[in-house]
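Spelled out from the first residue to the last, the chains are:
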Amino acid sequence: MNKIRLLLPIVLSGFLLTACNQKTEESSSSSTSQTKTSSSEPVGKPVHIDPALAKKGEALYNQNCVFCHQADAIGKPGFAPSLTNKEFLSVASNKFLMGTIRDGRPGTGMPPFSHLGRKQVEAIVAYLRSHGNISDISASVDAQPESHGDPRLGKIWFDQICSTCHGPNGDGYSAGSTGTAIGKAGFLNKATDGFIRFTIVNGRSNTRMLGFKGPAAMANLTDSEIEDIIAYLRTVPSKS
Ligand code: HEC
Ligand code: HEC
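**Looking at the overall build of the protein**
The number of helices and strands found in the protein is twelve helices and zero strands. Put simply, the protein runs from its N terminus to its C terminus through helices and strands in the order α-α-α-α-α-α-α-α-α-α-α-α. Within the protein, buried positions represent 47% of all 240 residues. For the protein, restricting intrachain contacts to residue pairs at least 6 apart in sequence, the fraction spanning at least 24 positions comes to 68%. As displayed, the protein offers around 12300 Å² of accessible surface, 60% of which is attributable to carbon and sulfur atoms.

**Some details on the packing of helix α3 (residues 51–64) against helix α7 (residues 117–129)**
In the contact formed by α3 and α7, the axes pass within 7 Å of each other and the chain directions differ by 100 degrees. What the angle tells us is that α3 and α7 run roughly perpendicular. On α7, the residues touching Leu53, Ala54, Lys56, Gly57, Glu58, Leu60 and Tyr61 of α3 are Gln120, Glu122, Ala123, Ile124, Ala126, Tyr127 and Leu128. Residue composition of the contact of α3 with α7, grouped by class: nine nonpolar, two polar and three charged.

About the thresholds
- Residues numbered from 1 in each chain as written.
- Chains lettered and ligands numbered in written order.
- Predicted model: local features only at pLDDT ≥ 70, side-chain atom pairs only at ≥ 80, totals over all residues.
- Heavy atoms only, no water.
- Helix = DSSP H or I, 4+ residues; strand = E, 2+ residues; numbered from the N terminus.
- Buried < 20%, exposed > 50% of the residue type's maximum accessible area, 1.4 Å probe, protein only.
- Contact = heavy atoms within 4.5 Å.
- Areas by Shrake-Rupley, 256 points an atom, 1.4 Å probe, with all protein chains shown as cover.
- Axes fitted to C-alpha atoms, helices over the stretch in contact; angles between N-to-C directions.
- Parallel < 35°, antiparallel > 145°, perpendicular 65-115°, else oblique.
- Nonpolar A, V, L, I, M, F, W, Y, C, P; charged D, E, K, R; others polar.

Here's what the structure looks like:
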């Protein structure tokens, strides 16, 4: 615990400074080397995109999504997340993407798009996936075991670290925070423990979500601390 109390203010203050002039150029983020430190390396499969479908999806994206998620879906801190950073695209299954777009996220700024119908949502997903040649590791990540962590310990970590960007109870932007509503059912019902674990470990390039493992991390959490945080997150929606 001590290590983190000492480390966090320093890391966060440096981080906030750099975050301000954050640019969209592809950072040579250490996420690949960080992934290697985790015990089970997820296996990816290459994604094949139909260019005509992606083109159709781009037009639909520009009609329905660009206002919030911005050009090229790079996102806008505190307003809408990036949909094209490589960690997100590699870990988000088609089921996660299609379901999130269809249902939106109740209680957040993400509206439902069920009126578009499956075909058009599929085209939007093809467009999102056409950003970079990113292999899809979602099947192996989603198949990872569920967390058996201790939610009481996880709450301590969450309140100390995660709530600074995700808000108390993970309420997200509505609490004036820069991170998404990870304590709400709209996210938690669609994300597996493997998805959450991968995101905590690797972070998301070119966003304020840095990873939490290894020397370059915001704070170096152990595997069991990460499990505790996941277990805590699972308890949040029933309380709020
Ligand atoms: C410095 C700010 C910051 C901190 C601290 C932080 N996050 Fe994040 N997190 C973000 C941002 C910003 C995003 C969304 C990325 C984007 O905008 O594209 C995010 C995204 C996520 C996501 C994906 C959510 C989704 O909607 O898909 C998870 C899960 C997550 N964070 C978990 C955590 C956990 C657990 C902690 C604490 C250990 C934590 N974060 C700490 C800023 C932060
Ligand atoms: C009015 C603004 C708005 C519009 C329009 C909008 N979104 Fe969102 N979207 C958001 C916000 C805000 C979130 C984050 C919600 C949260 O805090 O969990 C989000 C989250 C998402 C996520 C989850 C990302 C993650 O990191 O897990 C996906 C996928 C997504 N939106 C896709 C789309 C697509 C595709 C469209 C167009 C069809 C769209 N959104 C239109 C505001 C919007």
